[in-house]
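# Coordinate analysis (summary)
Take a look at the letters that make up each chain.
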Amino acid sequence: MFYSVLSQLTDGYLLLVILLSAAYGLIIGAIPGLTALMASALLVPFVIFMQPIPAVAAIITASAMAIFAGDIPGALLRMPGTPASAAYTNDANGMVLRGKGAVALGAGLIASSLGGLISALVLSLAAPSLAKIALIFSSVEYFWLGVLGLSCATFVSGGSLAKGLVSLFLGLSLATVGMDPVSGIPRFSLGSPDLLGGFGLIPVLIGLFAVSELLRNAANPPRAEALPSISGPILVPSLINLWRHRLGTLRGGSIGTLVGALPGAGSDIAAWISYAVARRGSRKGRREDDIGASERIMSASAANNASLGGAYIPATVFGIPGDAITAIVISVMFIKGINPGPTLFLNQPEVIYTIFGIFFIANLALIPLGILCIRGFGYILRLPRAYVSAVVLMFCILGAFSVENTLFSVGLIALFGLLGYVMESNEIPLAPAILGLILGPMIEETFMTTMLKSRGDLSIFFDREIGAVLGIVTVAVWAGVVLLQIWPKKKLKSKPIG
Amino acid sequence: MRVHDIILGPAVVLAGAGLCVWATALPQPQGFAYGPNLFPTLTGSGLALAGLSILFAGIKKRRMGPLFERPDWSKRWRLAINFWLIPVAIIAYVLLVEPLGFLITATLLLFALMIANRVHPRRAAVVALIIALAINLLFASILHVPLPWGPLTAVSGWLIW
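Counting of residues starts from 1 at the beginning of each chain's written sequence and follows it residue by residue. Labels follow written order: the first chain is A, the first ligand is 1, and so on. Where local features are concerned, this predicted model is filtered to residues with pLDDT of at least 70; where side-chain atom pairs are given and counted, the filter is 80 or more; whole-chain, interface and lining totals use all residues. Excluded from the side-chain calculation are hydrogens and water; included are all heavy atoms of the structure.

## Topic: the overall build of chain B
The test is simple: Numbering of helices and strands starts at the N terminus; helices are DSSP runs of H or I of at least 4 residues and strands are runs of E of at least 2. Atoms considered for the radius of gyration are the C-alpha atoms alone. The globule rule reads 2.2 Å times the number of residues to the power 0.38. Throughout, exposure labels follow a simple rule: accessible area from a 1.4 Å probe, protein chains only, divided by the maximum for the residue type, with under 20% read as buried, over 50% as exposed, and the rest as partly exposed. By the convention used here, residues are in contact when the closest approach between their heavy atoms is within 4.5 Å. The method behind every accessible area is Shrake-Rupley, applied with a 1.4 Å probe, and residues are considered shielded solely by the protein chains displayed. By the counting scheme adopted, Arg and Lys are positive, Glu and Asp are negative, and His together with the chain ends is not counted. To locate a charge, take atom NZ for lysine, CZ for arginine, CG for aspartate or CD for glutamate.
Counting secondary structure elements, chain B contains six helices and two strands. Its helices and strands taken in sequence order, chain B reads β-α-α-β-α-α-α-α from the N to the C terminus. Relative to the globule expectation of 15 Å for 161 residues, the C-alpha radius of gyration of chain B, 24 Å, shows a markedly less compact shape. Over its C-alpha atoms, taken along the principal directions, chain B stretches across nearly 60 × 55 × 25 Å. Counting over 161 residues, chain B shows a buried share of 42%. Sequence separation of 24 or more characterises 59% of the internal contacts of chain B that already satisfy a separation of 6 or more. Only carbon and sulfur atoms are counted for the fraction: they give 71% of the accessible area of chain B, which is about 9,000 Å². Here chain B contributes 12 positively and 4 negatively charged side chains, and the mean placements of these two sets differ by 9 Å.

## Side note on the domain arrangement of chain B
Selection rule: Marked domain ranges trace back to an automatic or database domain assignment.
Split into domains, chain B comes out as domain 1 (2-69) and domain 2 (73-159). Computed from C-alpha atoms alone, the centre-to-centre distance between domain 1 of chain B and domain 2 of chain B is 39 Å.

## Regarding the packing of helix α4 (residues 102-116) of chain B against helix α5 (residues 121-142) of chain B
Helix-helix packing is characterised by the crossing angle of the two axes and by the distance between the axes. All names here are of chain B. Put simply, the rule is: Axis lines are fitted to C-alpha atoms, over the contacting stretch for helices. Their N-to-C directions set the angle, which ranges from 0 to 180 degrees. For this classification, under 35 degrees means roughly parallel, over 145 means roughly antiparallel, 65 to 115 means roughly perpendicular, and everything else is oblique. The hand of a helix crossing depends on one turn: near helix anticlockwise from the far one by less than a right angle means left-handed, and clockwise means right-handed.
Two elements in contact, α4 and α5, have axes whose closest approach is 8 Å; the angle formed by their N-to-C orientations is 140°. Regarding the angle of α4 to α5, the classification is oblique. Two packed elements cross with a definite hand, and for α4 against α5 that hand is right-handed. Taken together, the residues of α5 that come into contact with α4 (itself represented by F102, L103, A106, T107, L110, F111, M114 and I115) are P121, A124, A125, V127, A128, L129, I131, A132, L133, I135 and N136.

## Quick word on the pattern of salt bridges
Here is the rule we go by: In what follows, salt bridge is the name for a side-chain nitrogen of Lys or Arg lying within 4 Å of a carboxyl oxygen of Asp or Glu.
Tallying each qualifying case throughout the model produces 16 salt bridges over all chains. A salt bridge links A:K163 to A:E427, with the shortest nitrogen-to-oxygen separation between them at 4.0 Å. A residue pair is termed long-range when its members are at least 10 positions apart, and A:K163 in helix α9 (residues 161-175) and A:E427 in the loop between α22 (407-425) and α23 (431-454) qualify at 264 residues. Looking at A:K163, the relative accessible area reads 5%, which means it is buried. Residues A:K163 and B:D5 are paired through a salt bridge, measuring 3.2 Å at the closest nitrogen-oxygen approach. Separated into two different chains, A:K163 in helix α9 and B:D5 in helix α1 (residues 5-24) make up a pair that spans both. Of the two residues examined, A:K163 and B:D5, each falls in the buried class. Each member of the salt-bridge network shares a partner with another, and the members are A:K163, A:E427, B:R2, B:D5, B:K61 and B:E69.

## Section: empty space enclosed by the protein
All names here are of chain A. Threshold: Site definitions follow a grid-based scheme: protein atoms alone, a 1 Å grid, a 1.4 Å probe that fits but cannot get out for cavities, and for pockets an open set with protein on both sides within 12 Å along at least five of seven lines, plus lining residues having an atom within 4 Å of a point. Grid points are joined across faces, edges and corners, and a volume is the space filled by probe spheres set on the points. Gly falls in the polar group here, along with every residue not listed as nonpolar (Ala, Val, Leu, Ile, Met, Phe, Trp, Tyr, Cys, Pro) or charged (Asp, Glu, Lys, Arg).
Following the criterion strictly, the structure yields three cavities of 30 Å³ or more and no others. Forming the boundary of the largest cavity are D71, G74, A75, S85, Y88, T89, A92, A104, L105, G108 and I297. When its residues are assigned to classes, the lining of the largest cavity shows six nonpolar, four polar and one charged. One number sums up the size of the second largest cavity: a volume of about 40 Å³. For the lining of the second largest cavity, the secondary structure elements donating two or more residues are α9 and α23. Ranked by the residues each element gives to the lining of the second largest cavity, the list is headed by α23, at three residues.

## Focus: the environment of A:L6
Residue and element names in this part refer to chain A. Mapped onto the elements of the fold, L6 is located in helix α1 (residues 2-9). Owing to a relative accessible area of 38%, L6 belongs among the partly exposed residues under this scheme. Considering only alpha carbons, one finds L6 and T354, 348 residues apart in sequence, at a separation of 7.7 Å.

## Here's the deal with the nonpolar core
What counts, and what does not: The definition of a nonpolar core used throughout is a set of buried Ala, Val, Leu, Ile, Met, Phe, Trp, Tyr and Cys residues joined through side-chain atoms within 4.5 Å.
Core analysis: the biggest nonpolar cluster contains 212 residues, and A:F199, A:I328, A:C396, B:I90, B:Y93 and B:F102 have the highest contact counts within it. Looking at this core element by element, the count peaks at 14 residues for helix α4 (residues 52-69) of chain A. A domain-level breakdown of this core finds at least three residues from each of domain 1 (2-69) and domain 2 (73-159) of chain B. Sequence-distant contacts of B:Y93, that is, excluding residues within four places in its chain, are made with A:M394, A:I397, A:L398, A:L407, A:V410, B:F102, B:T105, B:L109 and B:L147. Counting residues in hydrophobic clusters, the runner-up holds six residues, among them A:I255, A:A265, A:I269 and A:A270.

## Structural notes on the interface of chain B and chain A
In plain terms, the rule: Once two parts are joined, some of their accessible surface, as seen by a 1.4 Å probe, is lost; buried area is that loss totalled over both. Here a polar contact means two N or O atoms within 3.5 Å. Within protein one must be a hydrogen donor candidate and the other an acceptor candidate, and residues neighboring in sequence count only if both atoms are side-chain atoms.
The interface is formed by 58 residues belonging to chain B together with 59 residues belonging to chain A. Carbon and sulfur atoms make up 83% of the area that chain B and chain A hide from each other, which totals about 5,100 Å². The largest share of the area that chain B buries against chain A comes from B:Y34, B:F39 and B:I90, three residues that together contribute 13% of it. Where chain B touches chain A, the interface holds two salt bridges. Across the chain B-chain A interface, the total number found is seven residue pairs in polar contact (both at pLDDT 80 or more).

## A short note on the packing of aromatic side chains
We apply this condition: Centres within 6.5 Å are what make two rings of Phe, Tyr or Trp a pair, Trp counting through its six-membered ring; a difference in plane orientation under 30 degrees is then read as stacked, over 60 as edge-to-face, and the rest as tilted.
All chains considered together, the criterion is met by 24 aromatic pairs over all chains. With 5.3 Å between their ring centres and 65° between their planes, A:F143 and A:W144 make a pair best called edge-to-face. Here A:F143 matches A:W144 in class, with each residue buried. Look at B:W73 and B:F83: their rings are 4.0 Å apart centre to centre, the planes differ by 15°, and that puts the pair in the stacked class. Of this pair, B:W73 sits in the loop between β2 (68-69) and α3 (77-100) while B:F83 is found in helix α3, placing the two residues ten residues apart along the sequence. With respect to burial, B:W73 and B:F83 carry one shared label: buried.

## Notes on the environment of A:L398
Topologically, A:L398 is positioned in helix α21 (residues 385-404). Given a relative accessible area of 0%, A:L398 falls into the buried group. Residues A:L398 and A:A84 lie 314 residues apart in sequence; the distance between their C-alpha atoms is 27 Å. Among all residues touching A:L398, those that are not within four sequence positions of it are A:P45, B:Y93, B:F102, B:I135, B:F139 and B:L147.

## Quick notes on α3(B)
The following threshold applies: Take the number of residues in a helix, subtract one, and multiply by 1.5 Å to get its expected span. Throughout, bend refers to the angle between the axes fitted to the seven residues that end at a position and the seven residues that start at it.
Here α3(B) is 24 residues long, yet its end C-alpha atoms lie only 30 Å apart, well below the 34 Å a rise of 1.5 Å per residue gives. Along α3(B), the helix axis deviates most sharply at B:V94, where the bend reaches about 35°. What α3(B) keeps buried is the set B:L79, B:A80, B:N82, B:F83, B:L85, B:I86, B:P87, B:A89, B:I90, B:A92, B:Y93 and B:V97. Looking at the buried residues of α3(B), the elements they touch are α11 (201-219), α21 and α22 of chain A together with α4 of chain B. Two residues or fewer past α3(B), B:G101 is found with a positive phi of approximately 90°.

Pasting the structure below:
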């Protein structure tokens, strides 16, 4: 099998796809306001016509590159290219202003690459054994996993719990549109055949995340600013920095992998958590000089790239996405006839290991391509925004159309774009809604089939060993969160982050 | 567009309650303990409860902030046009692409978007046409997405290989 994986990985077509999607991901990520998620969603119409492996490779590569590239405008212009870079924008920008731009960006680059490699390693080691356990899962365990995932997604979304729950229940309600998974009775479809299959994931994603971002950019056009120049070597100082901050980078990579594996918690949350840990929990990270800034930048950049790999753990093992980008990958896999889940490890192990291998290639390729991107950032910034946003909108439209081949799905992106804009303006997080939409049908179906098996006896949800553990954990998480809400909050003395 | 929690809460409660009521109209299959209305009722109730909690939080801080905050962009007509042009362009695409075909629709929309972003009209027209042609070639010939051709159907053979 090793040779078949190796020969797949060295396939010229695959490497070309990786190279092209890397360039694409770097450019999209480096443009302020265009996110890694947007880069992945807009790739869908292209990858749908590829073989399954290159299709998945394109999204993995583009998202990893875009997450790093978001650091560049963050450092140079103080405008993070992706939300995942926001945690350390001030630190990186401060170093640029002190003439240490090459060091700051190099630190972020090398830490991103290492963070990605750590998560790829954890993914390759942990996923196969987890998949063995997952083979004995029944609908009870999947039900609890789904509920647990949604709960995490809501609780970590930040801000008000009630608003997180609004987003979650909105997503779950949207998921009930279309045919009921057990009886096949159409629900809320308004007699329209377009709604019988429910809301498609890709149009909703493009609407909520890409179109709403375009709306925000259109309403608040970013000002053009003078670009500070980056001079000096990047690679050598960053390798020295890597040695100096090895512990912080490793810690960031581990935190990122773990946070990424939680459903719903994506790269931005991973970066913020790792940043806070570095700031409060380490001697170096507390310092206000360049060493402190490098420690925080490296911890957080390792974490945001690691979270991408972490998210593939639940995605490949259980078929449950860890974030919106893996949700896209899972739907692309389904369209291409690969069904993610434990049986994939049994039936097509070479597919899974090739996908893991792509992680290693993409994160290694990040170093040379990232350096090129830092050097060429001036050119990317000079891309005229008037043309870029018009073309991105065109690709949003075509992306929605090419997956479902209906104009109805194109109309949906306008609707969900406005909805996403209004939700974000009112501090309602978007991620729980997307996970609700994705996991809703699975939760309903596993609940219904379990009920059919047990003839309506609810105790079956705590009868099986693993199921009972997952159930108790879920109930405990909810109890903990509700208690925290009711208990009078102690005023935590905490330094403001950032 | 920001609204105070005192308005947002009841709006969410209404949506949740509406969903619950709508769910009662769903047909109930024979012999099932739980029907297709179970989940919509649960999610509707969840929405309503979350809405209530937002309402209570809003009552506590009712003096903070205006009930309805107009976004800054709506006060400047150019930004307002930029904003609304995006949903309008998407709807226009849905309505026009069948009768006009992709090439003409895309050129018109790209042109409009660029003009709104202060690109010189002549330049915008040329760039819009080139981009639309390139996208059309890419999607029709390489990715095989069935884009409509409209009145250009007769000459579509020149552009697909």
